[in-house]
Amino acid sequence: NERHRIDAIMARLHAGEKLALVSDAGTPLLSDPGFMLVRAAAAAGVRVGTIPGPSAVTAALSVAGLPTDRFVFEGFLPPKSGARKTRLTELREIPATLIFYESGPRLAESLADMATLGARNAAVCRELTKAFEEVRRGTLAELAAHYEKASTPKGEIVVVVAPPGEAAKVSHDD
């Protein structure tokens, strides 16, 4: 409903009211609504500020155990396997850690499609900073096999994938 609410919200801002955009799932605008509102407010000369908050992207990157010097946040991949594989092919050679959001019901299938990127290490980070936080590390193929057998995970999921050529596997001893 974001598109339908912008005019009413902008009218309130022009009338001098103040607005706070809050998300119940991390930082607003990162795969959450808000982009169109911020663009409209900025175009109208309304001051837009930020109060830094939790971000699943940076939280997952910080616990994944994968390179952090360069990363690409892709957000959600397409829901259909064919379109997802096409997008993954476009991302295959990017020399950076890749970060994706994913839903529980699609996780196993998406990880299997991601395995077409090659033998890369990855981490599935779920419910970060919450009571049922989980970080599972392995190769994309190992993670796909695990989640194919496991019950459908619930909550917010971030998948972090090592860049091409990142061959060293982190052991439990490391």
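Our subject is the structure that appears above.
Every chain is numbered independently, its residues counted from 1 as its sequence is written. Restriction of local features to residues with pLDDT of at least 70 applies here, the model being predicted, together with a cutoff of 80 or more for giving and counting side-chain atom pairs; totals for whole chains, interfaces and linings are based on all residues. Water and hydrogen atoms play no part in the side-chain values, which are based on all heavy atoms of the structure.

(A) Region of the structure containing the overall build of the protein. Comment: elements are numbered from the N terminus, with helices defined as DSSP H or I runs of at least four residues and strands as E runs of at least two. Within the protein one finds 6 helices and 5 strands. Whether a residue is buried, partly exposed or exposed follows from its accessible area with a 1.4 Å probe, protein chains only, as a fraction of its type maximum: under 20%, in between, or over 50%, in that order. Of all 174 residues assigned to the protein, the portion counted as buried reaches 34%. Between two residues, a contact is recorded if the distance between any of their heavy atoms is within 4.5 Å. The contacts in the protein between residues at least 6 apart in sequence include a share of 71% that link residues at least 24 apart. Summed over all atoms, the accessible surface of the protein reaches about 10,400 Å², with 55% contributed by carbon and sulfur. Each accessible area is a Shrake-Rupley result for a 1.4 Å probe, and residues are judged covered by the shown protein chains and nothing else.

(B) The sheet that holds strand β3 (residues 121–126), seen in detail. Between any two strands, at least two bridges found by DSSP are needed for them to pair. In spatial order, the strands read β1-β2-β5-β3-β4; together these 5 strands make up an open sheet with mixed pairing. For this open sheet the edge positions go to β1 (71–76) and β4 (134–139), each flanked by a neighbour on one side alone. Geometrically, the sheet is characterised by an average inter-axis angle of 15° between neighbouring strands, direction not taken into account. The pairing of strand β2 (residues 97–102) with strand β5 (residues 157–161) spans 5 bridges and is classified as antiparallel. The residue of β5 that forms the bridge with F100 is V159. Axes here mean lines fitted to C-alpha atoms, for a helix over just the part in contact, with angles spanning 0 to 180 degrees between N-to-C directions.

(C) Quick peek at the environment of T58. Relative to the helices and strands, T58 resides in helix α3 (residues 56–63). In the structure, T58 is positioned 41 residues away from I99 in sequence and 9.5 Å away in space, judged by C-alpha atoms. Polar contacts, as counted here, are pairs of nitrogen or oxygen atoms within 3.5 Å of one another; within protein the pair requires one atom able to donate a hydrogen and one able to accept it, and residues that are adjacent in sequence qualify only if both atoms are side-chain atoms. Within the local environment of T58, its side chain forms a polar contact with the backbone oxygen of S55, the two atoms lying 3.3 Å apart.

(D) Region of the structure containing helix α1 (residues 2–14). Counted at 1.5 Å a residue, the expected span for α1 with its 13 residues is 18 Å, and the 18 Å between its end C-alpha atoms agrees. Along α1, the residues that are buried comprise E2, I6, I9, M10 and L13. Buried residues along α1 sit against α2 (35–43). G16, located one to two residues past α1, shows a positive phi value of around 100°. Each helix should span, by expectation, one fewer than its residue count multiplied by 1.5 Å.

(E) Fine view of the pattern of salt bridges. In what follows, salt bridge is the name for a side-chain nitrogen of Lys or Arg lying within 4 Å of a carboxyl oxygen of Asp or Glu. Tallying each qualifying case throughout the model produces 11 salt bridges. Across the pair R87 and E74 runs a salt bridge, and its minimum N-O distance is 2.6 Å. On the criterion of sequence distance, the pair formed by R87 in helix α4 (residues 81–91) and E74 in strand β1 is long-range, its members being 13 residues apart. Its relative accessible area of 21% is what places E74 among the partly exposed residues. Residues E102 and R106 are paired through a salt bridge, measuring 2.9 Å at the closest nitrogen-oxygen approach.

(F) Fine view of the packing of aromatic side chains. In this scheme Phe, Tyr and Trp rings, the latter by its six-membered ring, pair at centre separations within 6.5 Å, and the angle between planes marks the pair as stacked below 30 degrees, edge-to-face above 60, and tilted otherwise. Going through the model one piece at a time under the given rule, you end up with 2 aromatic pairs. Each ring, one from F73 and one from Y101, has its centre 4.9 Å from the other, and the planes form 65°; the classification is edge-to-face. Of this pair, F73 sits in strand β1 while Y101 sits in strand β2; the two residues are 28 residues apart in sequence, bridging distant segments of the chain. By relative accessible area, which is 11% here, Y101 ends up buried. An angle of 65° between the planes, with centres 5.7 Å apart, marks the rings of F76 and Y101 as edge-to-face. Of the two residues, F76 is situated in strand β1 and Y101 in strand β2; the sequence distance between them amounts to 25 residues. Three or more aromatic residues joined by ring pairs form one cluster here, namely F73, F76 and Y101.

(G) Structural view of the nonpolar core. Definition used in this section: a nonpolar core is a set of buried Ala, Val, Leu, Ile, Met, Phe, Trp, Tyr and Cys residues joined via side-chain atoms within 4.5 Å. Counting residues in each nonpolar core, the largest one holds 19 residues, and the members touching the most others are F100, L111, M114, V124, V159 and V161. Residue assignment for this core shows that the elements contributing at least two residues are α4, β2, α5 (107–114), β3, α6 (140–149) and β5. Setting aside residues no more than four positions away along its own chain, V159 makes contact with L98, I99, F100, E102, L107, L111, M114, A123 and V124. Among the nonpolar cores identified, the runner-up in size contains 14 residues, and A56, L128, V160 and A162 belong to it.

Any link to function would need more than the numbers given here.
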